[in-house]
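Secondary and tertiary structure notes
Listed here are the chains, written in short residue letters.
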Amino acid sequence: MKDPESKTVFAGVDGRTDTELPDWYRRKKTVDEPRTFAEAIRDLPQAVETTVAYWNPYSDEWVETERFNALVEPTRARDHATDDEPDTDPLFHVPTDSYAIINPVDVYGPLEEVLREETIDETPLGEVMFGEIRRYRGGGEVHMDIMFDGLEVRLPGRSDPITMGVTSGYDFFGEHAVYVEGFAQDGYCSNTMRSLTDKEVIKHVGDVRNFRTWWEEILAQVELVADDLFEFIRDAQDIDLDFSELPFTVTEFYSLLGFPDYLAERAAEDAEANAASPFEIDMWTLHSGATYALTHFFQGKEGASLDGYVRTANDILFNPEGTIERVERAYEEQLEADGDDGSQASLAGERALACIERVNDDLQEKVDQFEEREDALRERFQDAMS
């Protein structure tokens, strides 16, 4: 992903907690002393409104307008007024007058309260929280990972856990005021698993809801995912694709799912390297290959440009039947686009599609349990949000 302008690693909700980074996370982050979450949030840039004017070239004067309001960072605006060479432009955005500012403390202050009260194994979440905050565009766009040591999935044969949490963020440029979704990081390989719950988004327009209740509901969803994730992974490990019988390579499998070539190649390399056989690879390993490529080699930005690929990667784990059907459709479209009229080529294409169909049929019995588990999880999500 695009490198952020700055990163802040944090541990513990505030100065009253004595929280250490987990060993697996500390090994991957070069930081001597993490900050607390409360300190890090209050150090983020704020936004305030100020009047906008336009230059009238006929009267040689500035004319104020009430239709727009400039969003500026107040300390930077002060620096511009007092310093001969200020460091940073204070202006974030010039939205219409219907824009509603939501500053980071408005969003994450209520989260601090929830984290002090909610517990895991009788320990407040605020004492086991840790993660990273990333800034872009002068601090006007922020993304963060918030994880909870102990809210995790442990796989046999691995010393480091898959740790659960949320990824959240906001910007001052009119795209979204704040978003949050379920998230996990695999300590074994540093792969990030995003969109483990539906993404909740609040726009910059209209009334802002009660953030405390919002966070309580979202954290309840994350705990539900943690309870079920191990079962999804275990079932996916029992579903193998035999690429020696399929009409495409592992790289082409990812390409057929819509990954660009550079990501498909990286995903295939990782999946083949971690499979017992490079020709017979289970769906969990294929999912892990996709998340590896997206975590370490995606060349776009965090946010919308990443979301579509994340959903595709998650389908490999949570919806294997839909994944195979998508590959089959893409392969059939590819055959039609090639436009070969020869009988031999046509026969080969029919045999290839029949091979993919057999794989899909073989999956059907195992797929049923995925659908039942996903339906049950969705129902519990609805209960948690009601």
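Refer to the structure printed above.
A brief structural summary.

Cut-offs used in this document
- Residues numbered from 1 in each chain as written.
- Predicted model: local features only at pLDDT ≥ 70, side-chain atom pairs only at ≥ 80, totals over all residues.
- Heavy atoms only, no water.
- Pairing = 2+ DSSP bridges.
- Helix = DSSP H or I, 4+ residues; strand = E, 2+ residues; numbered from the N terminus.
- Axes fitted to C-alpha atoms, helices over the stretch in contact; angles between N-to-C directions.
- Parallel < 35°, antiparallel > 145°, perpendicular 65-115°, else oblique.
- Contact = heavy atoms within 4.5 Å.
- Nonpolar A, V, L, I, M, F, W, Y, C, P; charged D, E, K, R; others polar.
- Salt bridge = Lys/Arg side-chain N within 4 Å of Asp/Glu carboxyl O.
- Buried < 20%, exposed > 50% of the residue type's maximum accessible area, 1.4 Å probe, protein only.

**A look at the pairing of strand β2 (residues 48-56)**
Direction of pairing for β2 relative to strand β3 (residues 61-72): antiparallel, over a ladder of 9 bridges. The partner of Tyr54 across the bridge, within β3, is Val63.

**Examining the packing of helix α9 (residues 304-318) against helix α10 (residues 320-338)**
Running from N to C, α9 and α10 point in directions that differ by 120°, and their axes come no closer than 6 Å. Classed by the angle they form, the pair α9 and α10 counts as oblique. Counted together, Thr312, Asp315, Ile316, Leu317 and Phe318 of α9 and Pro320, Thr323 and Arg326 of α10 form the full contact between these two elements. Each residue belonging to the contact of α9 with α10 can be placed in one class, and the counts come to 4 nonpolar, 2 polar and 2 charged.

**A look at the pattern of salt bridges**
It is possible for side chains bearing opposite charge to pair when their charged atoms get close. In the structure shown here, the tally under the stated rule is 23 salt bridges. Between Glu113 and Arg212 there is a salt bridge, with its nearest N and O atoms 3.0 Å apart. Taken together, the positions of Glu113 in helix α4 (residues 104-117) and Arg212 in helix α5 (residues 211-237) put the pair 99 residues apart, joining distant regions of the chain. Here Glu216 ties to Arg212 by a salt bridge, and the two come within 3.5 Å at their closest N and O atoms. Note that Glu216 and Arg212 are positioned in helix α5 at a spacing of 4 residues, about one turn of the helix. With a relative accessible area of 24%, Arg212 lands in the partly exposed category. Taken together, the shared-partner salt bridges in this structure form one network comprising Lys29, Glu132, Arg134, Asp145, Arg194 and Glu302.

**Some details on the sheet that holds strand β4 (residues 91-93)**
Ordered by their spatial adjacency, 3 strands build an open sheet running β2-β3-β4, and the pairing between neighbours is antiparallel. Each edge of the sheet is formed by a strand with only one pairing partner; in this case those strands are β2 and β4. Ignoring which end each strand starts from, the neighbouring axes of this sheet average 55° apart. Inspection of the sheet shows β3 paired to β4 by 2 bridges, in the antiparallel sense. Residue pairing for β4: Leu71 is matched across the bridge by His93.

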